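Residue-level listing of the chains:
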Amino acid sequence: MNASAPKDILRLYLQNARDALLWKLDGLSEYDIRRPLTPTGTNLLGLVKHVASVELGYLGDTFGRPSGEALPWVAEGAEANADMWATAEESREQIVGLYRRAWAHADATLDALELDTVGRVPWWPAGRDDMTLLHAVVRVTGDTHRHTGHADILRELIDGAVGMNQGNTSVPPGDAAYWAGHRERLERAALEAGENHGG
């Protein structure tokens, strides 16, 4: 990697988010990667399905480089939110495989085109649908990091695992007793602030 080459820098940050998101699935059961853990149903495998679709759209179709992948969950007439969860028939291997193929397709687009290449986003309104490749890569990277943050919280709720990968937790060391005490301290501070500041 050339540390001063814009495409290499963009690819590094996008790949870091991709890898971290997939790591969130490691070692979990089929149930745990699919179970909805928020009122809106956010789940780990659904996040992977969503970001795969985003990459194929913004870094493929937008630049006249369709992947050939069938994505019925984002087709016209698809059920709302269908890209955010995996059906019982869709396996982990299928969704993860789709995401890895999306990476390869997106990376090929990044290799083939200049960053100032202008594409057209098919699902944006006509006349406001132009986007440069630079804009598309930054948008996809931001979206992927955002959803990886969601996945980080979901994984912590499931089994306590946190961080970018197994060797990089990004939190200070502490055993279960330390974290229980830390959480209790934060709870007390929140209650005290509510009392002091009226709510």
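Residues numbered from 1 in each chain as written. Predicted model: local features only at pLDDT ≥ 70, side-chain atom pairs only at ≥ 80, totals over all residues. Heavy atoms only, no water.

By the naming in an unreviewed UniProt entry, the chain is DinB family protein, taken from Streptomyces sp. JL1001.

One pass over the structure, following the stated rule, counts 13 salt bridges. For R35, the salt bridge identified is with D32, shortest N-O distance 2.9 Å. The exposure class of R35 is partly exposed, given its relative accessible area of 23%. Judged by relative accessible area, D32 falls into the buried class, the value being 17%. We note a salt bridge from E69 to R101, for which the minimum N-O separation is 2.5 Å. Note that E69 is positioned in the loop between helix 3 (44-58) and helix 4 (92-112) and R101 in helix 4, a separation of 32 residues in sequence. Residues participating in the shared-partner salt-bridge network are R11, R18, E55, D107 and D111. (Salt bridge = Lys/Arg side-chain N within 4 Å of Asp/Glu carboxyl O. Buried < 20%, exposed > 50% of the residue type's maximum accessible area, 1.4 Å probe, protein only. Helix = DSSP H or I, 4+ residues; strand = E, 2+ residues; numbered from the N terminus.)

In this model, the largest pocket occupies a volume close to 350 Å³. As for the largest pocket, its lining consists of 15 residues, of which S53, V54, G57, V74 and W123 are closest to the centre. For the lining of the largest pocket, the secondary-structure elements that each account for two or more residues are helix 3 and helix 5 (133-159). At 6 residues, the largest contribution of residues to the lining of the largest pocket is made by helix 3. (1 Å grid on protein atoms, 1.4 Å probe; cavity = no way out; pocket = protein on both sides within 12 Å on 5 of 7 lines; lining within 4 Å. Points joined across faces, edges and corners; volume = space filled by probe spheres on them.)

Here we take up the environment of N43. Its location among the elements puts N43 in the loop between helix 2 (30-34) and helix 3. Judged by its relative accessible area of 3%, N43 falls in the buried class. The sequence separation of N43 and S91 amounts to 48 residues, and the corresponding C-alpha distance is 14 Å. For N43, the contacting residues outside a window of four places in its chain are I33, R34, R35, P36, M84, W85 and L154. Separated by 3.0 Å, the side chain of N43 and the backbone oxygen of G41 make a polar contact. (Contact = heavy atoms within 4.5 Å. Polar contact = N/O pair within 3.5 Å; in protein donor to acceptor, adjacent residues only side chain to side chain.)

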